[in-house]
Amino acid sequence: MASPLSNVNVVEFAGLAPVPFAGMILADFGASVVRIDRLPGHGGISADVMGRGKKSVSINLRSKKGIELAKKLIAKADVVLDPFRPGVMESLGLGPDVIQDINPRCIFARLTGFGQRGELSRMAGHDINYIAVSGALSPLGRSGENPMPPANILGDFAGGGMLCVMGILMALIERNKSGKGQVIDSAMVDGAAYLSTFLVKMNQGGMWNNPRGTNMLDTGAHFYETYRTKDGRFMAVGAIEPQFYKALLKGLGLSIEKYANEQHDMESWEPMKRKFADIFATKTRDEWCSIFTGTDACVTPVLEWDEAMKSKHYQDRWGVTAYEQWTPPPAPVLSRTPARAAVGDPEVGGDTRAILEGICGLDANAVDELVRQGVVGESVQSRDSRL
C-alpha cells in the first residue's frame, strides 16, 4: 500500500525541535527524508529525538565540496527544510535564489521563531519568546499568577512544525498546477497567533475580556477546571453545555434543580469551584472514573503519558505496547493510506555512503576520499561494518 507522500523527497538540515518534528511528520506519511548532519565528533551528536524514518548523511558544510554535495541532494529534492536563523543558508551559498536555480520545483521551507523579516527576525529566542510576542501567552495561566507557557508545544510544534508541514503540503498541491516550487516563511510567532484566532475573535466580540484565569475556558469557571482527587491525582472537567453540566451535577451528587440554572452566574463560580474541589477530594481518581466514564458529563482523568498509553481507550485504538518503546502514533488516521511510524532513530552519518553513492552517484573510492578529506563522515557502526 503506497503512503500519501511516498514519492516526495525531503532534505532536512539538522536542527532542534520544530524542524525535526516537521521532518518526522513527512517521514511518517511516507516521504523519503535525508537529514544532513554535522560530522561525527564535530558536533555531530544528534539532538533529534524525532528522527524515526529518516536517513542521516554527515557533511561538512564549511567546505566547498560539502556545499556541492548538499547542492546535489537539493537538486533531487521536492522539499528542503531550513532550521536556521535568517541569513545562515545564504551565508552557506544555499539561499532561496540558489536553490531555485538548482531545482525550480523545490519547495524551500524556512522555519524560524520570528520569521524571515521584521524587527525581531535575527534575534535569538525560544518557544516562550515566540508565543509571548504573538499574544498567545498572555491569556494562559491562572488568575493572579504569571502567564504559564504550555511547555514548548504551542510555539515549537503546533505553531512551528505542524503549520510548516501544512505549508509544505499546500505548496506541493499548488506545484501540481504551476510546476514550480516556492519559499515558505514559516514563523512560530505567526503560527501561535494563527492558532489563537478563536480567542482573538472572542476578545474582539466582548466574550473574553476578563483578566487571565477568570474567563470560562481559562479555569475561571468551575465547570472548566481540573480537580485534585483523594489519592493526589486529578480529574478534568469540561461540562460547558447545560445538558453536560446537569450530568456533571448528577455525578457529583448535587441537586440539578438547585444548581443547573446558576451555571453561568460568574458570581457563583468561585464558591462552586470550592464546592467541587471538596467533593472531588472525597474519592480517588479511579472511583471518579467509575462514576463518569461512559457519561456525557465531560469528566475525564488527567493521565500521565504512560497511563495514557495503557488506557483502555488507547488500547482499543492502537493495541498493546511497552511504554519504553512507545511513541505517540501519527495523526490523523487515513483510512486507505495510513501513516507508518518507523522504529528507531538514525545514527549520525549512518547512511552517508549509501546516500552519496545512491543519490549523488559517487563511487566507493570517491566516498573514501571525501571521508579522508573530512568533507563527509560516517558513523562508527557503518564504518566498522565495511572492515
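Structural notes, computed from the coordinates. As the structure is a computational prediction, the values presented were derived from the model and not from experiment.

1. Concerning the pattern of salt bridges
Here is step 1: According to the stated counting rule, one finds 17 salt bridges in the structure shown.
Here is step 2: Of the charged contacts, one joins D78 and R175 as a salt bridge, the two residues approaching to 2.9 Å between their closest N and O atoms. Of this pair, D78 sits in the loop between α2 (64-75) and β4 (79-82) while R175 sits in helix α6 (residues 153-178); the two residues are 97 residues apart in sequence, bridging distant segments of the chain.
Here is step 3: For D78, a relative accessible area of 12% puts it in the buried group.
Here is step 4: Relative accessible area serves as the criterion here: at 8%, R175 is assigned to the buried category.

2. Re the sheet that holds strand β3 (residues 54-59)
Here is step 1: Read across the sheet, seven strands follow the order β6-β5-β4-β1-β2-β3-β10 without closing on themselves; strand pairing throughout is mixed. Sheet topology places β6 (183-187) and β10 (376-377) at the edges, where each strand pairs with a single neighbour.
Here is step 2: In terms of strand pairing, strand β1 (residues 9-13) meets β4 through three bridges, oriented parallel. Residue pairing in the sheet places V11 in a bridge with V80 of β4.

3. Examining helix α7 (residues 188-195)
The α-helix winds at 3.6 residues per turn, so residues separated by three or four positions along the chain end up facing the same way.
Here is step 1: Those residues of α7 not exposed but buried are M188, V189, G191 and A192. Along the axis of α7, the buried positions cluster into a sector of 165 degrees, meaning they face one direction only.
Here is step 2: If you follow the buried residues of α7, they end up packed against α1 (18-28), β5 (107-112), α5 (127-134), α6 and β6.

4. Considering the pairing of β3
Here is the key point about a regular strand: its side chains alternate between the two faces of the sheet.
Here is step 1: The element β3 is extensively covered by neighbouring structure, given that five of its six residues are classed as buried.
Here is step 2: When strand β2 (residues 32-37) meets β3, the two strands line up parallel, connected through five bridges. Looking across to β3, one finds that V33 is bridged to K54.
Here is step 3: Taken together, the two bridges between β3 and β10 define a ladder with antiparallel strand orientation. When the bridges of β10 are listed, I59 appears paired with V376.

5. A few points about the environment of F223
Here is step 1: Residue position: F223 is located in the loop between α9 (216-220) and β7 (224-228).
Here is step 2: Along the primary structure F223 and K275 are separated by 52 residues, whereas in three dimensions their C-alpha atoms are 11 Å apart.
Here is step 3: Excluding its chain neighbours within four sequence positions, the residues that come into contact with F223 are M216, V237, G238, A239, I240, Y245, L248, Q263, H264 and W269.

6. Concerning unusual backbone geometry
Here is step 1: Cis geometry marks the peptide bond from A331 to P332, where omega comes out at 0 degrees.
Here is step 2: Turning to its location among the elements, P332 is positioned in the loop between α15 (312-318) and α16 (352-358).
Here is step 3: At A151, a position not held by glycine, the phi torsion is positive, near 55 degrees.
Here is step 4: Checked against the element boundaries, A151 lands in the loop between α5 and α6.
Here is step 5: According to the relative accessible area criterion, A151 is exposed, its value standing at 54%.
Here is step 6: A positive phi angle, near 80 degrees, is found at T219, a position not held by glycine.
Here is step 7: Structurally, the position occupied by T219 is in helix α9.

7. Examining the sheet that holds strand β9 (residues 299-301)
Here is step 1: In spatial order, the strands read β7-β8-β9; together these three strands make up an open sheet with antiparallel pairing. Looking at strand neighbours, the two that pair on one side only are β7 and β9, the edges of this open sheet. Looking at each pair of strands side by side, their axes are set apart by 25 degrees on average, direction ignored.
Here is step 2: As paired elements, strand β8 (residues 234-238) and β9 share three bridges and run antiparallel to each other. Across the sheet, residue M235 finds its bridge partner in β9, namely P301.
Here is step 3: Sitting on the sheet, helix α12 (residues 266-280) touches β7, β8 and β9, and the angle it makes with β7 is about 40 degrees.

Cut-offs used in this document
Residues numbered from 1 in each chain as written. Predicted model: local features only at pLDDT ≥ 70, side-chain atom pairs only at ≥ 80, totals over all residues. Heavy atoms only, no water. Salt bridge = Lys/Arg side-chain N within 4 Å of Asp/Glu carboxyl O. Helix = DSSP H or I, 4+ residues; strand = E, 2+ residues; numbered from the N terminus. Buried < 20%, exposed > 50% of the residue type's maximum accessible area, 1.4 Å probe, protein only. Pairing = 2+ DSSP bridges. Arc of directions from axis to C-beta. Contact = heavy atoms within 4.5 Å. Axes fitted to C-alpha atoms, helices over the stretch in contact; angles between N-to-C directions.

By themselves, these are just geometric observations and shouldn't be taken as functional.
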